[in-house]
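# Structural characterization, general
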Amino acid sequence: MPGEVLFVGAGPGDPELITLKGLRALQQADLVVYAGSLVNPALLEECHKNCEIHDSAPLNLDQVLDLLIAGAKAGQKVVRLHTGDPGLYGAIQEQMEALDAAEISYRVIPGVTATFAAAASLKQELTLPGVSQTLVLTRLAGRTPVPDSEALRNIARIGGTICLYLSVGMMDKLVEELLAGGVFTPQTPVAVVYRASWPDEKVVEGTLSDIAEKVAEAGITRQALILVGEVLKARQQGVPEKSKLYDPGFAHGYRDSAK
Ligand code: SAH
C-alpha cells in the first residue's frame with residue numbers, strides 16, 4: 001500500500017501555533033520534508049526517533065518530489081511541512097500536480113498564516129466597522145512577477161487593510177505604490193512585524209511617510225509582514241463604531257434584541 005503525503009501548515013513560528021491535526025501528522029510521520037527557512041526546528045522534536053527528516057531549503061522541486069514520491073511508494077507516512085498556511089506562497093500546487101501524476105494520494109492540513117500571527121502580536125483587529133471590512137493579502141513582485149491588474153498601486157485603490165508578504169526588502173517601492181493608489185496618504189498607519197510569534201519578534205510602527213526609514217533603522221530586510229490601513233489607528237484612538245454583532249439592540253439568529 002503506498003503511503004499518503006500530508007501538506008501541513010506549521011504556523012508562523014511559535015511551535016504551539018500548529019493545529020492539533022498537523023501535530024499528530026508530524027508525530028506519526030516516517031518522513032518529513034520541511035521548509036527550513038521559516039519552520040521552527042522545535043516542531044521536529046515531535047517526530048519519532050526513526051523518522052527521516054530533510055530540510056527542503058537546499059533542494060530543488062524535483063529533489064523534493066523525488067523524496068515525497070519515493071517515501072509514499074515505500075509505504076511511508078510523509079509530511080511536507082510548510083511555513084504558515086501551505087496555500088499561501090507555498091508552491092504546493094505543483095507538488096500536488098506531480099503527486100497526481102504519480103498516483104499518490106495527499107491531503108492538506110491548514111496552518112496559521114503570518115498575517116494572523118502579526119495581528120495577534122499587535123493585538124489588532126483587521127476589520128473594523130466604519131473603517132475597513134476588507135483584507136487583502138498580497139506582495140510586491142520579486143523574482144515571481146505579480147499580474148499587472150494586481151500591481152500594488154491598483155490594489156491600493158481599494159483602501160481597506162492590506163497585508164504584504166515577501167516585500168519588506170523593497171520598502172521605498174512599497175510606499176510609492178501604496179500612495180499611487182490615491183486612497184492612502186502619508187499619514188496612513190503601517191505596522192511591520194518581523195518574525196511574528198518567534199522569541200526574536202520585532203515590531204516597527206509608523207506611517208507611510210516614515211516607515212521605510214524606521215524599517216531600515218531596525219535592520220529588517222526579510223521575514224516580516226507589513227500591515228497597512230486605518231484600522232491600525234484604533235489602538236490609539238479607539239474604535240469609531242462598535243460592532244453590530246454584540247449591540248444590545250441588534251437581534252440575530254442566536255440572540256433576541258434587548259429592546
Ligand atoms: N505560507 C506562509 C508564507 C510563506 S512566504 C504563510 O502562510 O505565512 C514567506 C513570507 O511570509 C516571508 O517573507 C514573510 O513576509 C512572511 N512570514 C512568514 N512567517 C512570518 C512571521 N513569523 N512573521 C512575519 N512574517 C512572516
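Located above this text is the structure these notes cover.
Worth saying up front: this structure is predicted, and the values here are computed from it rather than measured. (Residues numbered from 1 in each chain as written. Predicted model: local features only at pLDDT ≥ 70, side-chain atom pairs only at ≥ 80, totals over all residues. Heavy atoms only, no water.)

## Details of the packing of aromatic side chains
In this structure the tally under the stated criterion is two aromatic pairs. Consider the rings of Phe-7 and Tyr-106, whose centres lie 6.1 Å apart with planes at 85 degrees: the pair is edge-to-face. Of this pair, Phe-7 sits in strand 1 (residues 5–9) while Tyr-106 sits in strand 5 (residues 106–109), and the two are 99 residues apart along the sequence. Residue Tyr-106 is classed as partly exposed on the basis of its relative accessible area of 24%. The interplanar angle of 50 degrees and the centroid separation of 5.4 Å between the aromatic rings of Tyr-89 and Tyr-165 together place this pair among those described as tilted. Of this pair, Tyr-89 sits in the loop between strand 4 (78–82) and helix 3 (93–101) while Tyr-165 sits in strand 7 (residues 161–165), placing them 76 residues apart in sequence. Take Tyr-89: its relative accessible area is 39%, and that puts it in the partly exposed class. The side chain of Arg-195 reaches across the aromatic face of Trp-198, ending 4.0 Å from its centre. Its end group placed over the ring of Tyr-194, Lys-202 keeps NZ or CZ at 5.5 Å from the ring centre. (Phe/Tyr/Trp six-rings, centres within 6.5 Å; stacked < 30°, edge-to-face > 60°. Helix = DSSP H or I, 4+ residues; strand = E, 2+ residues; numbered from the N terminus. Buried < 20%, exposed > 50% of the residue type's maximum accessible area, 1.4 Å probe, protein only. Lys NZ or Arg CZ within 6 Å of the ring centre and 35° of its normal.)

## Looking at the site of the ligand
What surrounds the ligand is a group of 18 residues, the closest being Thr-83, Leu-88, Thr-113, Ala-196 and Ala-224. One nitrogen or oxygen atom from the main chain of Ala-114 is found 3.0 Å from an oxygen atom belonging to the ligand. In this structure, a nitrogen atom belonging to the ligand sits 2.8 Å away from a main-chain N or O atom of Ala-196. Considering the ligand on its own, with 540 Å² of exposed area, one finds that the protein chains cover 94% of that surface. Placement of the ligand is best described as lying within the largest pocket. (Near = heavy atom within 4 Å. Polar contact = N/O pair within 3.5 Å; in protein donor to acceptor, adjacent residues only side chain to side chain. Areas by Shrake-Rupley, 256 points an atom, 1.4 Å probe, with all protein chains shown as cover. 1 Å grid on protein atoms, 1.4 Å probe; cavity = no way out; pocket = protein on both sides within 12 Å on 5 of 7 lines; lining within 4 Å. Sits in = over half its atoms within 2 Å of the grid points.)

## Quick look at the sheet that holds strand 8 (residues 189–194)
Read from one edge of the open sheet, five strands run 6-7-10-8-9, paired in mixed fashion. A strand with exactly one partner marks an edge of an open sheet, and here the two such strands are strand 6 (135–139) and strand 9 (202–207). Geometrically, the sheet is characterised by an average inter-axis angle of 20 degrees between neighbouring strands, direction not taken into account. For strand 7 and strand 10 (residues 224–228), the ladder comprises three bridges, and the chain directions are antiparallel. Following the sheet pairing, Cys-163 is matched in strand 10 by Leu-227. The strands touched by helix 6 (residues 171–180) are strand 7, strand 8 and strand 10; relative to strand 10, the strand with the most contacts, the crossing angle is about 20 degrees. (Pairing = 2+ DSSP bridges. Axes fitted to C-alpha atoms, helices over the stretch in contact; angles between N-to-C directions. Contact = heavy atoms within 4.5 Å.)

## Section: the nonpolar core
Within the largest apolar cluster, 25 residues are counted, with the highest numbers of intra-cluster contacts made by Met-171, Leu-178, Val-192 and Ile-226. Listing elements by their share of this core, those giving two or more residues are helix 5 (152–155), strand 7, helix 6, strand 8, helix 7 (211–217) and strand 10. In terms of residue count, helix 6 provides more of this core than any other element does, four residues in total. Apart from residues lying up to four places away in sequence, Ile-226 is in contact with Ile-162, Cys-163, Leu-164, Ser-167, Val-168, Met-171, Leu-174, Val-190, Ala-191 and Val-192. In this structure, Val-8, Ile-18, Val-32 and Leu-43 belong to the second largest nonpolar core, which totals 18 residues. (Core = buried A, V, L, I, M, F, W, Y, C linked by side-chain atoms within 4.5 Å.)

## Remarks on helix 3
Within helix 3, the full set of buried residues consists of Gln-95, Met-96 and Leu-99. Down the axis of helix 3, the smallest arc covering the buried residues is 100 degrees, so these residues share one side. Away from the buried face of helix 3 by more than 90 degrees, exposed residues Gln-93, Glu-97 and Ala-101 are located. Packing partners of the buried residues in helix 3 comprise strand 1, helix 2 (61–73), strand 4 and strand 5. Positive phi appears at Glu-103, one or two residues downstream of helix 3, with a value of about 55 degrees. (Arc of directions from axis to C-beta.)

## Describing the environment of Leu-245
Mapped onto the fold, Leu-245 is located in the segment after helix 8 (234–237). When its relative accessible area of 41% is taken as the criterion, Leu-245 is described as partly exposed. Along the primary structure Leu-245 and Lys-173 are separated by 72 residues, whereas in three dimensions their C-alpha atoms are 39 Å apart. Aside from chain neighbours lying at most four places away, what touches Leu-245 is Phe-250, His-252 and Arg-255.

By themselves these figures say nothing about function.
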